[in-house]
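# Notes for the structure review
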Amino acid sequence: MAAAERRAFAHKINRTVAAEVRKQVCRERSGSPHSSRRCSSSLGVPLTEVVEPLDFEDVLLSWPPDAEPGPLRDLVEFPADDLELLLQPRECRTTEPGIPKDEKLDAQVRAAVEMYIEDWVIVHRRYQYLSAAYSPVTTETQRERQKGLPRQVFEQDASGDERSGPEDSNDSRRGSGSPEDTPRSSGASSIFDLRNLAADSLLPSLLERAAPEDVDRRNETLRRQHRPPALLTLYPAPDEDEAVERCSRPEPPHEHFGQRILVKCLSLKFEIEIEPIFGILALYDVREKKKISENFYFDLNSDSMKGLLRAHGTHPAISTLARSAIFSVTYPSPDIFLVIKLEKVLQQGDISECCEPYMVMKEVDTAKNKEKLEKLRLAAEQFCTRLGRYRMPFAWTAVHLANIVSSAGQLDRDSDSEGERRPAWTDRRRRGPQDRASSGDDACSFSGFRPATLTVTNFFKQEAERLSDEDLFKFLADMRRPSSLLRRLRPVTAQLKIDISPAPENPHFCLSPELLHIKPYPDPRGRPTKEILEFPAREVYAPHTSYRNLLYVYPHSLNFSSRQGSVRNLAVRVQYMTGEDPSQALPVIFGKSSCSEFTREAFTPVVYHNKSPEFYEEFKLRLPACVTENHHLLFTFYHVSCQPRPGTALETPVGFTWIPLLQHGCLRTGPFCLPVSVDQPPPSYSVLTPDVALPGMRWVDGHKGVFSVELTAVSSVHPQDPHLDKFFTLVHVLEEGAFPFRLKDTVLSEGNVEQELRASLAALRLASPEPLVAFSHHVLDKLVRLVVRPPIISGQIVNLGRGAFEAMAHVVSLVHRSLEAAQDARGHCPQLAAYIHYAFRLPGTEPSLPDGAPPVTVQAATLARGSGRPASLYLARSKSISSSNPDLAVAPGSVDDEVSRILASKGIDRSHSWVNSAYAPGGSKAVLRRAPPYCGADPRQLLHEELALQWVVSSSAVREAILQHAWFFFQLMVKSMALHLLLGQRLDTPRKLRFPGRFLDDITALVGSVGLEVITRVHKDVELAERLNASLAFFLSDLLSLVDRGFVFSLVRAHYKQVATRLQSSPNPAALLTLRMEFTRILCSHEHYVTLNLPCCPLSPPASPSPSVSSTTSQSSTFSSQAPDPKVTSMFELSGPFRQQHFLAGLLLTELALALEPEAEGAFLLHKKAISAVHSLLCGHDTDPRYAEATVKARVAELYLPLLSIARDTLPRLHDFAEGPGQRSRLVSMLDSDTEGEGDIAGTINPSVAMAIAGGPLAPGSRASICQGPPTASRAGCALSAESSRTLLACVLWVLKNAEPALLQRWATDLTLPQLGRLLDLLYLCLAAFEYKGKKAFERINSLTFKKSLDMKARLEEAILGTIGARQEMVRRSRERSPFGNPENVRWRKSVTHWKQTSDRVDKTKDEMEHEALVEGNLATEASLVVLDTLEIIVQTVMLSEARESVLGAVLKVVLYSLGSAQSALFLQHGLATQRALVSKVSTTQQPIARGYQGSPDLRLTWLQNMAGKHAELGNHAEAAQCMVHAAALVAEYLALLEDHRHLPVGCVSFQNISSNVLEESAISDDILSPDEEGFCSGKHFTELGLVGLLEQAAGYFTMGGLYEAVNEVYKNLIPILEAHRDYKKLAAVHGKLQEAFTKIMHQSSGWERVFGTYFRVGFYGARFGDLDEQEFVYKEPSITKLAEISHRLEEFYTERFGDDVVEIIKDSNPVDKSKLDSQKAYIQITYVEPYFDTYELKDRVTYFDRNYGLRTFLFCTPFTPDGRAHGELPEQHKRKTLLSTDHAFPYIKTRIRVCHREETVLTPVEVAIEDMQKKTRELAFATEQDPPDAKMLQMVLQGSVGPTVNQGPLEVAQVFLAEIPEDPKLFRHHNKLRLCFKDFCKKCEDALRKNKTLIGPDQKEYHRELERNYCRLREALQPLLTQRLPQLLAPTPPGLRNSLNRASFRKADL
């Protein structure tokens, strides 16, 4: 017995060696997929080297666009309108330009004015927006494209029955019984409640006969309908972190603004109204101690108050009536105050006296103070009339903006009301210091707060001695303190209402600081809002973009303490003078409020009786465009007489001083302390400063400085930097030729100007950063001009090229450094990028169309080939390179002259190229190239040529600066080249002739030099290396649009060779590989990437006879008698021809292939980068309208065909999405092993095919192909993460979806069986990777807080299941670590920064999760349909091959796995159609079908667990327990294959005492499975702990079902395991449960308390049932189920399925004659059956449990009479007994089991009588022997036995059959048998009466006596019939006599 029990495992272990042999043979036959990858090329070029690309231009000449039909024509060449020149008008914010008019301008001003008005010159690549660099596929764009997706219907969403674990995800898809039921699609097999199932829609034409090709054609047509055109639109957008190619067009240069605040002055009201009051607003920063805005003047006086000044004013300009202002704050800070100052008309008395009435008088006391008020009004009117032009300080207050912003932000944002609030500083005082805002700038923002209306009530009087800004800052600082000194002061009571709000983006009626109308300005009569100029608290680095020329004058103090005379009420008048005559004062001083717009003079406020006043005044002046040496500011000091006196003038001049505004050509600004002259200045004073002691003049305080004033210019004309001033001056002197010229103390002449200019160029690096950035456009324009238009002095060229180039490098470096915080992710300065894109133009060229066409948009003729090429061209050029080298003197001729001399038709001879000469960088003559002396040629140079040359020959110091910002010079060169082509009408020139060879040589040297810098610096300065790498890649990408593309490809190849050489010795190859990958990705982001890969030119096979990779592995195809087509093979492999023609695609896929190699360095990072690059490109193709047509996209997909082979070979390291880590399928081994027996393949069916049909899909735990090399080789490399694996599979599906099916079929034809098996493995994995998880899965994922859900979920599972240890986790983390070392040392790399987009956030809304589920459902459906399409192609490929059965079986496995997955209703319709078509192509047998799941233990276990759960929900606890027993047996069986422990069950046989059915879980031979394979049975249940859990669940279900006897058998297997583990706690619990079970058995020993089930036989008849026709099943129903119940249920179910009037129930149990049935109807016959036991079985089935458990045989009887009636008289009553045997014993894992055997026999009337009497006798015996006795039952049985009966009682039976001896000797034994039965019956009646007598009470004695009398009468009547004997009974039995009561004599009716 032991040997029998060990049979499966012993055979398995003995076959291990054989399996290993087969593996080894397989490896030798197919080889490792990676073993030849590095040397895979038909040209002998390994993948680690770059093949030499085809000559792109020559290929196009041989393959013109006309060669391609229709839409493919556009793929051949770039569009003719690819490049164009746009003149974009510069955006002007104002309705008028604001530039000076009608003025004579000098060269510098003219250049500035021209720069600010000229159009932007933009080189526009019309199709660049289609590039992934400019139109990336992001989460937002994906969501937009996903609108309108149909909602796919999934069962798990509809039912809400979803599982969270990996096992449960497969459970929910198994709805019906077992594998053998799957093909039938019969609802009768379902374990669900049939009454609650909705009817499926009928499938049209399902049962119609059709040719297989017609079926396939129809299926394909249906599958193609309503498919999404773009697969990757359904997949998550590419990772933003990897998008190194991401670019954006810079914004046009624009005026700088900070955060803008709108302040509206609504009203100003005092307690008394007696005079006009004027207001001033400005912003102050206390921390910086700086006034950060100009003044805003407002007038809120009533008309009556304004009327008091009528005598002094003209009609006010509307610009001076503004009451609202917009302030800009670049650096928001909690230390900013809005300061409000009030002024009034000058009057007699100091400030305190003038404020007193406002402080003591109240409005409520108006009547009481009427007389005083009238007196005050009268005095005020007099002062206004006389002194109305003068002001005096009055009061001030301040608003703390941070409080306003923060408190406004705390208001209810949903409220529309704007409540009034008190001054902010008083709020601050109430809050206390604990509520103060943070002092950091980041704690304050002036944008986005809620508007607030403030009522300022307290003003502080001005103090005459504390009017300076220094005093104001002290007051403001004091206001922030809780104990402010200002609280102790008596305030001036007033009410000033102001609104503070964020400024609108485009306010109406707004004036610029120059009082120009800002758009939009609907009506010039509207009251304006003024834009207030900001004086930023710190430096602001922004280029000037508009003309601005303002001067601010700030008088600070005046000291006339030593001045004799009446000089007490002092006022300072300021005038802008262009000469010394009083009439030469210009009206350039801005007016304040309610006055004219500009004035010729302005006065400071007067401080009464103060000889040393301080001032807070600000004078704003508009500087003339051209300031000359005569222009100056004249200050006149007046004493003002406040009291009218006879003979005394109103104002008396008491001093004069001035400031000349121009000195040495530079504007004078800054602080001045000026002496004041008592006398008027003499003639010609303006050219001197007042510091010069002029003879005959009297000076206050002995010519000391007594007047402190400061000048500040805000000018886009005057740099206000000495180095910039000198540079601009020198350049303009050269342009004007104005020699001699005085520059400070130097007189410039033609002899020394060059030296001064060189010095000035070198000194530009010393310029202050802020003005340098502000004038960067000017500086760069001048430097470019010096490079391309070297000045000519005295007929000689001034060679300034090198100096200008070096200066440019330093300027760019300084600008970069100043704007470091504003740099983008690639380290580019947006301002410099905007300069190149918009502002840069070639000097001396006018970008306009010829023939007077309007210069709005200039379109290029073409960037494509020219219409023709010259017949003979050759290039004879000078050896001179440039004249810009100081050592060189000759300029070359123009390119047009050179082209005219070209005679060679094949382009440029580059035999003298630097690459091959001593002139290469580092060569012996690298910098020593010379040219003949200058011979009078045109000195014009081409900027791109000069930049390339100067870069190559630059010194190390300059080169370092250039390398830091190489992108700038690359982009400058590219735009220069484009302008050169566009403006010179050179786009029709063939690309090879567009640029001279010497320039291309310089480019070659430059690219090599920069590439070498990238390679050498990657280990020293990663950040610089990455920037250089990206800049170089973008440069080469741009060149592809301009120059010979074959030349660019050669540069790329040269760079790759440099990298490959360095890789061999690099200490960190991963870093270099990462840079190369990013380099490739940028190149491939070109908008014409597809065209650059020559997609339409035919791929030629290699000229050499060397075979390709696939041909070396398999010289002939499995499915074709011919050798593989080399053209097709080349298209699907990274062959030499493929990489030559599709150069960029070959580079990209080669990078991917190398990154996926097992031994690749930095694998984790490279995997992600390589796959992301491909994914990004494919996403771009999906969204590109140029490739929308299917034919075009199919041609594009050909560029990625090798991706299929790459993914196929990478299969062992892809993440396993089906179950757990490391699990692989077996399709390869199945196909490979099948080839061993190909000779007899047609004779017998392949077992794997049958198992596939059986519903046994791919084992999720067996995906590793044994043909992929030994396990150590295939798993040596780093496994791909879940995210990378899924993305790679999405790319594979994209190729399969879009590639031409015929091409895929040709490829499949050339595949070997192992290769095809790996392809099927790949398709299986695609199904698992994109399986729909259900809506609830998104809710669960949403609750987690990790970033990458797939990776992190996998790791979480590993941690929970314990499948990964600490060391493995450490290794994996080290693999994931960046190859660049510590990421903290890398500042700007996006891939290592920690910011994430909002798309990565976890807290998603319900709508977002609904949308995700919608998209995932569509993705799962489309992915499955793509797999289905591919499987159909494979099927069509192999239909005529000898390996047809093998491949179709493997294909069917994948199809069935797809059907078993969580699929949408749409896919299931197509999947089932494909399955039916496949099944029709292969034979089937029953036996392999029945074992379908055994090849998939993991899946079988999952299915069993799911079935248990469904049974438990329905209350079928016995069946649920059986499922768990089967599961435990399965686990035990496979544990026994790997381990041999005594305490473990030896396999399924250990469980046969529980159920004989478990033997079907026995392991099968190792032809299908190998237990030692990695990933095999790796689920958490295939452990001892898992086995224990399954057994415990089984015991629990048995207990709930009342099967307590089975509980004991379960624990017999469990207890040894617990004992081996010394788990005494569980042992105690187990024994306790056993005690409970045994106790219940004792209490329920009779069995009546436990009803286990009712059984019915159900037969199906009719073609409607398909293959269920004439099939019989035994159904187990809940206890006490009546026949009518099951009959009604089945009838209702099938009526819903087939329709009304189709289903009929056969009412009897007679045999069915099909010839009498209607063929259009479905018939069901239902019969009650009982368990049947042979006599020998009853000896062992003693208890009630025994007789209701393990039931295989059932009996039902059918009474009949010869005339056809069911019942008749006793002599004619016959009976048909039918025994049914089932496939499995009840209870089973299902509630219905097929009948496999049938036996029938017919009983004669006497035999029927014998059975009836035997039954009555048994009933009497049972009632008599029952313990405890049941008197009622006993009496009932007795009454029916001895009581008088009407018909067919025992007496009548005896009289009919025993009255006469039968004539037929064959019936003698029946006669005697019946006689003996009656004797036994009488004996049992007597025993029963005796027993009843002991049980009755006194009340039943009479009843008992009646029973005894009846028994006596019966015995007497039977006596004569029972005493007769037949002598013939002693004779031997005749040979032919049948014993009808013996089961062995039954007639057999096998099914």
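Let me begin by describing the structure that accompanies this report. (Residues numbered from 1 in each chain as written. Predicted model: local features only at pLDDT ≥ 70, side-chain atom pairs only at ≥ 80, totals over all residues. Heavy atoms only, no water.)

Looking only at helices and strands, the chain has 62 helices and 40 strands in total. Looking at the chain as a whole, 57% of its 1951 residues qualify as buried. Taking contacts inside the chain between residues at least 6 apart in sequence as the whole, the part at least 24 apart equals 80%. With an accessible surface of roughly 81900 Å², the chain has 52% of that area assigned to carbon and sulfur atoms. (Helix = DSSP H or I, 4+ residues; strand = E, 2+ residues; numbered from the N terminus. Buried < 20%, exposed > 50% of the residue type's maximum accessible area, 1.4 Å probe, protein only. Contact = heavy atoms within 4.5 Å. Areas by Shrake-Rupley, 256 points an atom, 1.4 Å probe, with all protein chains shown as cover.)

Further remarks concern the environment of Leu83. Within the element layout of this structure, Leu83 appears in strand S1 (residues 83-88). Residue Leu83 is classed as buried on the basis of its relative accessible area, which comes to 1%. Separated by 904 residues in the primary sequence, Leu83 and Leu987 place their C-alpha atoms 8.9 Å from one another.

Quick look at the environment of His816 now. Note that His816 resides in helix H20 (residues 801-818). In the structure, His816 is positioned 14 residues away from Pro830 in sequence and 9.4 Å away in space, judged by C-alpha atoms. Setting aside residues up to four positions removed in sequence, His816 forms contacts with Gln823, Gly827, His828, Cys829, Leu832, His965 and Trp967.

All right, on to a nonpolar patch on the surface then. Nonpolar side chains collect at one region of the surface, where Val687, Leu688 and Val692 lie side by side and expose about 210 Å² of accessible area between them. Mapping Val687 onto the fold places it in the loop between strand S26 (670-675) and strand S27 (705-715). The exposure class assigned to Val687 is partly exposed, which follows from its relative accessible area of 48%. (Patch = residues over 30% accessible without salt bridge, like charges linked within 9 Å, V, L, I, M, F, W, Y side chains within 5 Å. Salt bridge = Lys/Arg side-chain N within 4 Å of Asp/Glu carboxyl O.)

Below, the discussion takes up helix H17 (residues 753-763). Val753, Glu756, Leu757, Ser760, Leu761 and Ala763 are the residues of H17 that are buried. Within H17, the buried residues cover an arc of 165° as seen down the axis, which keeps them to one side. The elements touched by buried residues of H17 are helix H16 (722-736), strand S29 (746-748), helix H19 (776-788), strand S30 (792-793) and H20. (Arc of directions from axis to C-beta.)

Before going further, it helps to spend a moment on the sheet that holds strand S20 (residues 602-603). Read from one edge of the open sheet, four strands run S20-S17-S22-S23, paired in antiparallel fashion. Bordering the open sheet on either side are S20 and strand S23 (651-660), each of which pairs with just one other strand. (Pairing = 2+ DSSP bridges.)

Side chains bearing opposite charge may pair, as long as their charged atoms lie close to each other. With the rule as written, the count across this model stands at 81 salt bridges. Between Glu1198 and Arg1195 there is a salt bridge whose closest N-O contact spans 3.8 Å. Assessed through its relative accessible area of 18%, Arg1195 is described here as buried. Among the ionic contacts, a cluster of salt bridges with common partners joins Arg223, Arg224, Arg227, Lys1297, Glu1422, Asp1429 and Glu1432.

Before going further, it helps to spend a moment on the packing of aromatic side chains. Taken as a whole, this structure holds 51 aromatic pairs when the rule is applied. With 5.5 Å between their ring centres and 75° between their planes, Phe509 and Tyr521 make a pair best called edge-to-face. In this pair, Phe509 sits in the loop between strand S12 (492-502) and strand S13 (510-511) while Tyr521 sits in the loop between strand S14 (517-518) and strand S15 (529-531), placing the two residues 12 residues apart along the sequence. Taking the relative accessible area as the measure of exposure, Phe509 reaches 24% and is therefore partly exposed. An aromatic cluster is present here, built from Phe805, Trp951, Trp967, Phe968, Phe969, Phe970 and Phe1035 joined pairwise through their rings. (Phe/Tyr/Trp six-rings, centres within 6.5 Å; stacked < 30°, edge-to-face > 60°.)

Pro520 follows Lys519 through a cis peptide bond whose omega is -5°. Structurally, Pro520 is set in the loop between S14 and S15. A cis amide bond, omega -5°, links Phe1786 with the succeeding residue Pro1787. Mapped onto the elements of the fold, Pro1787 is located in the loop between strand S38 (1774-1786) and strand S39 (1792-1803). At Asp701, a residue that is not glycine, the phi angle is positive and equals roughly 55°. Relative to the helices and strands, Asp701 resides in the loop between S26 and S27. Classification of Asp701 by relative accessible area gives partly exposed; the value is 32%. Non-glycine residue Arg1622 carries a positive phi angle of around 55°.

What follows is about helix H42 (residues 1301-1309). Every buried residue of H42 is listed here: Leu1303, Leu1304, Trp1307, Ala1308 and Thr1309. Elements that come into contact with the buried residues of H42 comprise helix H32 (1126-1132), helix H37 (1202-1209), helix H41 (1282-1298), helix H43 (1313-1329) and helix H47 (1406-1438).

What follows is about the environment of Leu283. The residue Leu283 is located in strand S4 (residues 277-285) in this model. C-alpha separation for the pair Leu283 and Ile340, spaced 57 residues apart in sequence, amounts to 9.0 Å. Ignoring any residue separated from it by four or fewer positions in sequence, one finds Leu283 in contact with Lys290, Lys291, Ile292, Ser293, Phe327, Val329, Ile336, Phe337, Leu338 and Leu401.

Below, the discussion takes up the pairing of strand S16 (residues 549-558). Residues in a regular strand point their side chains to alternate faces of the sheet. The element S16 is extensively covered by neighbouring structure, given that eight of its 10 residues are classed as buried. Both S16 and S27 contribute to a ladder of nine bridges, which runs antiparallel. Of the residues in S27, the one forming a bridge with Leu551 is Ala713. Bridge count for S16 against strand S21 (residues 619-622) is four bridges, and the pairing is antiparallel. Counterpart to Leu550 in the pairing with S21 is Arg622.

On to the packing of H20 against helix H25 (residues 966-983), then. Interhelical geometry of H20 versus H25 gives an angle of 125° and a closest axis separation of 10 Å. The angle between the axes of H20 and H25 places the two elements in the oblique class. Of the two possible hands of crossing, H20 and H25 adopt the one that is right-handed. Of the residues in H25, those touching H20 at Phe805, Met808, Ala809, Val812 and His816 are Trp967, Phe968, Phe969 and Leu972. A breakdown of the residues in the contact of H20 with H25 according to their chemical character gives eight nonpolar, one polar and no charged. (Axes fitted to C-alpha atoms, helices over the stretch in contact; angles between N-to-C directions. Parallel < 35°, antiparallel > 145°, perpendicular 65-115°, else oblique. Left-handed = near helix turned anticlockwise from the far one by under 90°. Nonpolar A, V, L, I, M, F, W, Y, C, P; charged D, E, K, R; others polar.)

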